[in-house]
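Observations on the model geometry
These are the residues of each chain, in order.
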Amino acid sequence: ALMISADWLVLDEFDRSKQEVLEQYESRLQHSKYGYKSIFSNPSAPDFGVHKYFKKTDQKMWHINHSCGEKILLDESCIDYEQEKYICTKCREEITDEERRMGDWCPTASGEPGWSGYWIPLWISPAISAKRIGEYKRTKTAEYFANFVAGLPFVGGGNKVNASTLINCLSRE
């Protein structure tokens, strides 16, 4: 981390890497007139790692054009877990694999200049059925589902402490 200068850092598995080493890597950009940085990871906790950086971006999310004429965000509300199929949130009719495949990345925030981010949940892949997403929902932990299926940060009851939990524990004594 301390030897080679760089114009561009590509940091994969960011949240699950040693953060102090990643910080050292940033010093390798000091000589560069570019200073590019690409950060990849499944998010782990809110306001940490890749989620912290994603909040700085234009927050691109996968939108599809459904046969009913509506353009919709393909999120978990598009999964009918009982019927095990993808459905349009407007007309409630089925979304085809081809409609999921032919979507577009649309920014959902203004973001800071120079920051571009993509939310990539597993269900945007036309190779992944709603049935398979449902199996993950039923058989995996809530943390696994949030981080590795939904691509979202997660705070569970006993595994992480967030700021609001800490503040709620304060007293005047």
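These remarks concern the structure in this document. Model, not experiment: these values are computed from the prediction. (Residues numbered from 1 in each chain as written. Predicted model: local features only at pLDDT ≥ 70, side-chain atom pairs only at ≥ 80, totals over all residues. Heavy atoms only, no water.)

**Overview of the overall build of the protein chain**
Counting its regular elements, the protein chain contains six helices and seven strands. Element order for the protein chain, N to C, with α for helix and β for strand: β-α-β-α-β-β-β-β-α-β-α-α-α. The C-alpha extent of the protein chain, read off along each of the three principal axes, is 55 × 50 × 30 Å. By residue count, 35% of the 173 residues in the protein chain fall in the buried class. As displayed, the protein chain has an accessible area near 11,000 Å², and 52% of this comes from carbon and sulfur atoms. (Helix = DSSP H or I, 4+ residues; strand = E, 2+ residues; numbered from the N terminus. Buried < 20%, exposed > 50% of the residue type's maximum accessible area, 1.4 Å probe, protein only. Areas by Shrake-Rupley, 256 points an atom, 1.4 Å probe, with all protein chains shown as cover.)

**Description of the side chain of Arg100**
The topology assignment puts Arg100 in helix α3 (residues 97–101). Among the polar contacts made by the side chain of Arg100, one reaches the main-chain carbonyl oxygen of Trp123 at a distance of 2.8 Å. The residues touching Arg100, leaving out its near neighbours within four places in the chain, are Trp62, Ile64, Leu74, Tyr86, Ile95, Trp123, Ile124, Ser125, Pro126 and Ile128. (Polar contact = N/O pair within 3.5 Å; in protein donor to acceptor, adjacent residues only side chain to side chain. Contact = heavy atoms within 4.5 Å.)

**Overview of the environment of Ser17**
Looking at the secondary structure, you find Ser17 in the loop between β1 (8–11) and α1 (19–26). Here the alpha-carbon distance between Ser17 and Gly49, two residues 32 residues apart in the chain, equals 9.5 Å. In this structure Ser17 touches Asp12 and Leu22, once residues within four positions along its chain are discounted.

**Examining the sheet that holds strand β3 (residues 60–65)**
Strands sit in the order β4-β3-β7 across an open sheet of three strands; the sheet is antiparallel. Each edge of the open sheet is held by one strand with a lone partner, namely β4 (71–73) and β7 (104–107). The average undirected angle you get between the axes of adjacent strands in this sheet is 45 degrees. In this sheet, β7 lies alongside β3 in antiparallel orientation, the contact comprising four bridges. Across the sheet, the residue bridging to Trp62 is Trp105, located in β7. (Pairing = 2+ DSSP bridges. Axes fitted to C-alpha atoms, helices over the stretch in contact; angles between N-to-C directions.)

**Notes on the nonpolar core**
In this structure, Leu74, Tyr86, Ile95, Trp123, Ile133 and Phe145 are the most contacted members of the largest nonpolar core, which totals 21 residues. Elements represented by at least two residues in this core include exactly β3, α4 (130–139) and α5 (142–149). The residues contacting Tyr86, other than those within four sequence positions of it, are Cys78, Ile79, Glu93, Glu94, Ile95, Arg100, Trp123, Ile128, Ser129, Ala130 and Ile133. Membership of the second largest hydrophobic core comes to nine residues, among which are Ala6, Phe14, Val50 and Tyr53. (Core = buried A, V, L, I, M, F, W, Y, C linked by side-chain atoms within 4.5 Å.)

**What to know about unusual backbone geometry**
Backbone geometry places Glu13, a non-glycine residue, at a positive phi of 50 degrees. When you line up the elements, Glu13 lands in the loop between β1 and α1. Positioned with a positive phi, Glu84 is a non-glycine residue whose angle comes to about 55 degrees. Residue placement: Glu84 occurs in the loop between β5 (79–80) and β6 (85–86).

**A look at the pairing of β1**
Every second residue of β1 is oriented toward a common face, the buried set being Leu9 and Leu11 and the non-buried set Trp8 and Val10. Two strands pair when backbone bridges link them, and β1 and strand β2 (residues 36–39) are joined in this way by four bridges, in the parallel orientation. Pairing of Leu11 across the sheet is with Ile39, part of β2. In this fold, β1 hands off to α1, which returns the chain to β2; that crossover is right-handed. (Right-handed = clockwise from strand over helix to strand, strands pointing away.)

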